[in-house]
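Observations on the model geometry
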Amino acid sequence: MHPSLSEFVTKCEGIIAAKEKAADRVTMIAPLMQTLAAQADQFLSDDHKRSEEEHYARNAIHIAPSGNLSLFALVWLPGQWTPVHDHGCWGVVGIVKGVLEERSYMSASGDITADTNIRLKRGGVILLNPGSVSSFVPNPDHIHMTGVAKVRQTCVSLHLYGRNMNTFHTYDVDAGTRRLIDVPHHESR
C-alpha cells in the first residue's frame, strides 16, 4: 500500500476508535480526504481507474478486515448515474477528476421503517469539482443519486464508507418502495 494511502487509513481507523458519533468522524476525516484526493496520482493504479461502458465502476482500494471501513475509487463515464439509494452508514467523498453531481432526496413522511409506502421528495443538487469533499451521516439515512451529466467529462471520485459497502437500498420513487441490493466492485490485483 502506498505510504499516503496507508497513512490515511491509519488516521481514519484512529478517528473511528476515538469518535463514536458519525458527525464527529466525518468532520475529522473530511480534511484528510481532501489531502488524499490531491495525492491520488501517487497511489491510484490502473486497477483503481477501471471503467465500464454500462454503468459507473466501483474499484476497491481498501476494505478493512474488521468491516468498519472501505475505500473505493469510482469511475463515472459521461451519462452514468447511480439509482436513488442510501448507504446505511456515514461516508466521505473526495473528487479527483471531473465534476460529480449529487441530487438529494428526503422522506416526506418521517422515518423510513419499511420497504413500502415510502414518500420521497427531491431536495437540492450539489456539483462537486476536483478537490471538493462531501460527507454524509445516517439521518436516518442519506438518500441521493449521483452521477455525471452526458455533457461533462469522465469523473474519478474517492468514496470512504464506515462499513464494507457491499449492499445498499435502492428506491423506486414513483412506486414508493425500496429494496436491498448487492453492490459489486472490482477487486484490486
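Note that the coordinates shown come from a computational prediction; the quantities given were computed from them, not determined experimentally. (Residues numbered from 1 in each chain as written. Predicted model: local features only at pLDDT ≥ 70, side-chain atom pairs only at ≥ 80, totals over all residues. Heavy atoms only, no water.)

1. Concerning the pattern of salt bridges
Where we set the bar: Salt bridge, as used here: a side-chain nitrogen of Lys or Arg that lies within 4 Å of a carboxyl oxygen of Asp or Glu. Under the scheme used here, helices are H or I runs from DSSP no shorter than 4 residues and strands are E runs no shorter than 2 residues, and both carry numbers assigned from the N terminus.
Following the criterion strictly, the structure yields four salt bridges and no others. With a shortest N-O distance of 2.8 Å, Arg103 and Glu101 are connected by a salt bridge. The partner of Asp115 in a salt bridge is Arg178, and the shortest N-O contact between them spans 2.7 Å. Of this pair, Asp115 sits in the loop between β4 (100-107) and β5 (120-128) while Arg178 sits in strand β10 (residues 177-182), and the two are 63 residues apart along the sequence.

2. A closer look at empty space enclosed by the protein
Stated formally: Points on a 1 Å grid over protein atoms alone make up a cavity when a 1.4 Å probe fits among them but cannot get out, and a pocket when they form an open set with protein on both sides within 12 Å along at least five of seven lines; lining residues each have an atom within 4 Å of a point. Grid points are joined across faces, edges and corners, and a volume is the space filled by probe spheres set on the points. Charged means Asp, Glu, Lys or Arg here, nonpolar means Ala, Val, Leu, Ile, Met, Phe, Trp, Tyr, Cys or Pro, and polar covers whatever is left, Gly included.
A full pass over the atoms with the stated rule returns two cavities of 30 Å³ or more. If you add up the space inside the largest cavity, you get close to 110 Å³. Lining the largest cavity are 16 residues; nearest its centre among them are Leu74, His85, His87, His159 and Tyr161. Listing elements by their share of the lining of the largest cavity, those giving two or more residues are β2 (70-76), β7 (143-147) and β8 (155-161). When grouped by side-chain class, the residues that make up the lining of the largest cavity number nine nonpolar, six polar and one charged. Estimates place the volume of the second largest cavity at around 60 Å³. As for the second largest cavity, its lining consists of Val93, Leu100, Glu102, Leu128, Ser134, Ser135, Phe136, His142, His144, Thr146 and His159. At the level of secondary structure, the elements contributing two or more residues to the lining of the second largest cavity comprise β4, β6 (133-136) and β7. When residues in the lining of the second largest cavity are grouped by element, the largest group, three residues, is from β6. Residues of the lining of the second largest cavity, tallied by class, amount to four nonpolar, six polar and one charged.

3. Notes on the pairing of strand β9 (residues 167-172)
Heads up, the condition is: Between buried and exposed lies partly exposed: a residue is buried under 20% and exposed over 50% of the maximum accessible area for its type, with that area taken using a 1.4 Å probe on protein chains only. For two strands to be treated as a pair, DSSP must find at least two bridges joining them.
Burial runs high along β9: five of the six residues are buried. Direction of pairing for β9 relative to β10: antiparallel, over a ladder of six bridges. When the bridges of β10 are listed, His169 appears paired with Leu180. Here β9 hands over to β10 after four residues, with Gly176 in that stretch at a positive phi of 70°.

4. Here we look at unusual backbone geometry
For Asn117, which is not a glycine, the phi torsion comes out positive at approximately 55°. With respect to the helices and strands, the residue Asn117 is situated in the loop between β4 and β5. Of the residues examined, Asn117 reaches a relative accessible area of 70% and is grouped as exposed.

5. With respect to the side chain of Thr170
In plain terms, the rule: The contact criterion used throughout is that any non-hydrogen atoms of two residues lie within 4.5 Å.
Position of Thr170 among the secondary structure elements: in strand β9. The residues contacting Thr170, other than those within four sequence positions of it, are Pro83, Val84, His85, Thr177, Arg178, Arg179 and Ile181.

6. Observations concerning helix α1 (residues 3-18)
What counts here: Working rule for helices: expected span equals 1.5 Å times residues minus one. What the arc covers is the set of directions going from the helix axis to the C-beta atoms.
Counted at 1.5 Å a residue, the expected span for α1 with its 16 residues is 22 Å, and the 22 Å between its end C-alpha atoms agrees. Considered for burial, the residues of α1 that qualify are Ser4, Leu5, Phe8, Val9, Cys12, Ile15 and Ile16. Taken end-on, α1 shows its buried residues confined to a sector of 135°, consistent with a single buried face. Opposite the buried face of α1, by more than 90 degrees, sit the exposed residues Pro3, Ala17 and Ala18.

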